[in-house]
Amino acid sequence: MRKTLNETSKFLSYVLRHKPDAIGLYLDPEGWANIDELIGKADIPLTLELIQNVVETSDKKRFAISDDNQSIRANQGHSIDVNLGLEAIEPPEFLYHGTATRFLDSIKEQGLLPKNRQYVHLSADQATAATVGQRHGKPVILTIPALKMHDQGHKFFKAENGVWLTDVVKPNWFH
């Protein structure tokens, strides 16, 4: 069952965050997809119960189901243009970015860029940032003075799953 949940989560991430057109799925401007349409067009076996199980048991809380249980969307991490309806809010004093040491030279030169996503992803705590960094190699955690950035006009958003988002973090902002 764990493999099925993991495979389903990866499939949902792919179609809801990056390539809905791969299966001919329509996402509305806020990134919502009709669950029945998703099940009907999926190229893997899907049921409402399996989708709900993935949403409820995911430790990363990547997805949300609408209040009427008719639609699903990814909470963040999109490489396609969606409006998650997030309001800019004041961040905590510091946020953290976990990455791998092999990316440090590029980051020191260019800063943190969203690359193929809409936003740069930041964590509220160092432990989460370390976990993120480990996925890419030997981890390193960058400390971002988010509140100072905010005070100078940078916008921060908090996704439904607790991930902090911003447009870019220039090299002079982290240490």
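Residues numbered from 1 in each chain as written. Predicted model: local features only at pLDDT ≥ 70, side-chain atom pairs only at ≥ 80, totals over all residues. Heavy atoms only, no water.

Undergrad: Hey, could you go over the overall build of the chain for me, with residue numbers and the actual values?
TA: Counting its secondary structure elements, the chain contains 6 helices and 8 strands. When the elements of the chain are put in sequence order from the N terminus, they spell out α-β-α-α-β-β-β-α-β-α-β-α-β-β. Against the compact-globule benchmark of 16 Å for 175 residues, the chain has a radius of gyration of 17 Å, which places it among compact chains. Principal axes of the C-alpha set define a box for the chain whose edges measure 50 × 35 × 25 Å. Burial analysis of the chain (175 residues in total) assigns 41% to the buried set. Restricting the contact set of the chain to residue pairs at least 6 apart, pairs at least 24 apart contribute 70%. Summed over its atoms, the accessible surface of the chain is roughly 9700 Å², and 49% of this surface lies on carbon and sulfur atoms. Averaging the coordinates of the 20 positive side-chain charges in the chain and doing the same for the 22 negative ones gives two points 10 Å apart. (Helix = DSSP H or I, 4+ residues; strand = E, 2+ residues; numbered from the N terminus. Rg over C-alpha atoms; globule rule 2.2 N^0.38 Å. Buried < 20%, exposed > 50% of the residue type's maximum accessible area, 1.4 Å probe, protein only. Contact = heavy atoms within 4.5 Å. Areas by Shrake-Rupley, 256 points an atom, 1.4 Å probe, with all protein chains shown as cover. Lys, Arg positive; Asp, Glu negative; His and termini not counted. Charge placed at Lys NZ, Arg CZ, Asp CG, Glu CD.)

Undergrad: Describe the nonpolar core, listing the residues and the values that go with them.
TA: Among the nonpolar cores identified, the biggest contains 20 residues, and F11, L12, L16, L25, L38, F63 and I72 are the most heavily contacted of them. For this core, the secondary structure elements donating two or more residues are α1 (2-18), α2 (35-41), α3 (48-57) and β3 (71-74). When residues in this core are grouped by element, the largest group, 5 residues, is from α1. Leaving out residues up to four positions away in the same chain, L16 has contacts with L25, L27, A33, F63, I72, R73, A74, H78 and I80. (Core = buried A, V, L, I, M, F, W, Y, C linked by side-chain atoms within 4.5 Å.)

Undergrad: Before we move on, can you summarise the side chain of N75 with the specific residues and values?
TA: Residue position: N75 is located in the loop between β3 and β4 (95-100). At 2.6 Å, the side chain of N75 and the backbone oxygen of K61 are in polar contact. Here the side chain of N75 touches F63 through a polar contact of 3.4 Å, landing on its backbone oxygen. (Polar contact = N/O pair within 3.5 Å; in protein donor to acceptor, adjacent residues only side chain to side chain.)

Undergrad: Summarise the sheet that holds β3; cite the residues concerned and give the values.
TA: One open sheet holds the 3 strands; their spatial order is β1-β3-β2, and the pairing between them is antiparallel. Each edge of the sheet is formed by a strand with only one pairing partner; in this case those strands are β1 (33-34) and β2 (63-65). When β2 meets β3, the two strands line up antiparallel, connected through 3 bridges. Bridge assignment links A64 to a residue of β3, and that residue is R73. Each of β2 and β3 is contacted by α3, which is oriented at about 125° to β2, the strand it contacts most. (Pairing = 2+ DSSP bridges. Axes fitted to C-alpha atoms, helices over the stretch in contact; angles between N-to-C directions.)

Undergrad: Can you lay out the environment of A64 for me, pointing to particular residues and giving the numbers?
TA: Looking at where A64 falls in the secondary structure, it is placed in strand β2. Judged by its relative accessible area of 5%, A64 is buried. Separated by 41 residues in the primary sequence, A64 and D105 have C-alpha atoms spaced 36 Å apart. With near-sequence residues (within four places) excluded, A64 lies in contact with W32, S71, I72, R73, N75 and E160.

Undergrad: So what's going on with the pattern of salt bridges? Which residues, and what values?
TA: Counted according to the given criterion, the structure contains 1 salt bridge. Among the salt bridges present, the one from E37 reaches K41, with a minimum N-O distance of 3.2 Å. Of this pair, E37 and K41 both sit in helix α2, separated by 4 residues, roughly a single helical turn. Taking the relative accessible area as the measure of exposure, E37 reaches 23% and is therefore partly exposed. (Salt bridge = Lys/Arg side-chain N within 4 Å of Asp/Glu carboxyl O.)

Undergrad: Kindly report on the sheet that holds strand β5 (residues 120-122), identifying the contributing residues and their values.
TA: Reading across the sheet, the 3 strands line up as β5-β8-β7 and stay open at both edges, with antiparallel pairing between neighbours. Bordering the open sheet on either side are β5 and β7 (157-158), each of which pairs with just one other strand. In this structure, β7 lies alongside strand β8 (residues 164-166), joined through 2 bridges in antiparallel fashion. What sits directly across from F157, in β8, is L165.

Undergrad: Break down the pairing of β3 for me, citing the residues and quoting the values.
TA: The two faces of the sheet receive side chains in turn, since in a regular strand these alternate between them. Residues S71 and R73 of β3 are buried on one face, and the alternating residues I72 and A74, pointing to the opposite face, are buried as well. Here 2 bridges tie β1 to β3, and the two strands are oriented antiparallel to one another. Residue pairing across strands places N34 opposite S71, the latter belonging to β3.

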